[in-house]
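Given next are the chains, with one letter for each unit.
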Amino acid sequence: MTHAPAPSPVPPGPGAAPPFPAAPAEGGGTRLGWALGIAGGLVALCCGGGLVAGVGLGVTGVQAINERAHVAVGSYLDALKAKKYDRAYELLCEDEQRRLDLARFTSREESRPDRIQSYELGEVELQGTSGITLPVTERYTDGDTERVVYHLAQDPKTTDLEVCGRE
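Here, residues in each chain are numbered from 1, in the same order as that chain's written sequence. Since the coordinates come from a predicted model, pLDDT governs what is reported: local features require at least 70, and pairs of side-chain atoms require 80 or more to be given and counted, while whole-chain, interface and lining totals use all residues. Think of the side-chain values as coming from all heavy atoms in the structure, minus any hydrogens and water.

Q: Give me the lowdown on the overall build of the protein, citing residues and values where you can.
A: Secondary structure follows DSSP: runs of H or I at least 4 residues long count as helices, runs of E at least 2 residues long count as strands, and numbering of each begins at the N terminus. Along its length, the protein carries four helices and five strands. Listed by position from the N terminus, the elements making up the protein come as α-α-α-α-β-β-β-β-β. Between buried and exposed lies partly exposed: a residue is buried under 20% and exposed over 50% of the maximum accessible area for its type, with that area taken using a 1.4 Å probe on protein chains only. Taking all 167 residues of the protein together, the buried fraction comes to 23%. Residue pairs at least 24 apart in sequence account for 41% of intrachain contacts in the protein once pairs closer than 6 positions are excluded. For the area figures, the Shrake-Rupley method with a 1.4 Å probe applies, and any residue is considered shielded solely by the protein chains shown. Accessible surface, the protein as shown: approximately 11700 Å² in total, 60% of it carbon and sulfur. Here, two residues are considered to be in contact whenever any of their heavy atoms come within 4.5 Å of each other.

Structure follows, in structure tokens:
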């Protein structure tokens, strides 16, 4: 049987250094734990903050669209109620204005037997790529009530929402 060679002895004498330094034994795990904990906390803070900011922007965006839709449809209905048909016509989208000129629009609105007395605006409904709709409960001068859905489109020039039909 062969014997393994014996390790070389430490050189004798004052100030002599061993052939390699010894690894620190105290506190290594504690320092590593603290470092990983702090790094994990920072990552959670950044990602969590980003998630909260993203949700906040989404909610704020929907509220802004809802407010803009209420202004557009409210202004349109107020103009119809006040018989200001030229003002109501200006609030229509370009497609509706191409389909129906001011004279025909005015004639159509004047010939309606039921006039809007009051209305109640609902909450905006986003229809994906097909646009924005806003349900409205309309009350007429003859006492009838009807639920109508207004379609809205964004004006490419002004970015305002405009009425683009109803059903």
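Q: I'd like to hear about the layout of surface pockets, residue by residue, with values.
A: A pocket here means an open set of points on a 1 Å grid, computed over the protein atoms alone, that has protein on both sides within 12 Å along at least five of seven lines. A cavity is instead a set of points where a 1.4 Å probe fits but cannot get out; residues with an atom within 4 Å of a point line either one. Grid points are joined across faces, edges and corners, and a volume is the space filled by probe spheres set on the points. Quantified by volume, the largest pocket comes out at close to 230 Å³. Residue lining of the largest pocket: Arg68, Val71, Ala72, Ser75, Arg87, Glu90, Leu91, Asp155, Thr158, Asp160, Leu161 and Glu162, and that is the complete set. At the level of secondary structure, the elements contributing two or more residues to the lining of the largest pocket comprise helix 1 (28-81), helix 2 (85-90) and strand 5 (161-166). The biggest single contributor to the lining of the largest pocket is helix 1, with four residues. Under the convention adopted here, Pro, Cys and the residues Ala, Val, Leu, Ile, Met, Phe, Trp and Tyr are nonpolar, Asp, Glu, Lys and Arg are charged, and Gly plus all remaining residues are polar. Partitioning the lining of the largest pocket into residue classes produces four nonpolar, two polar and six charged.

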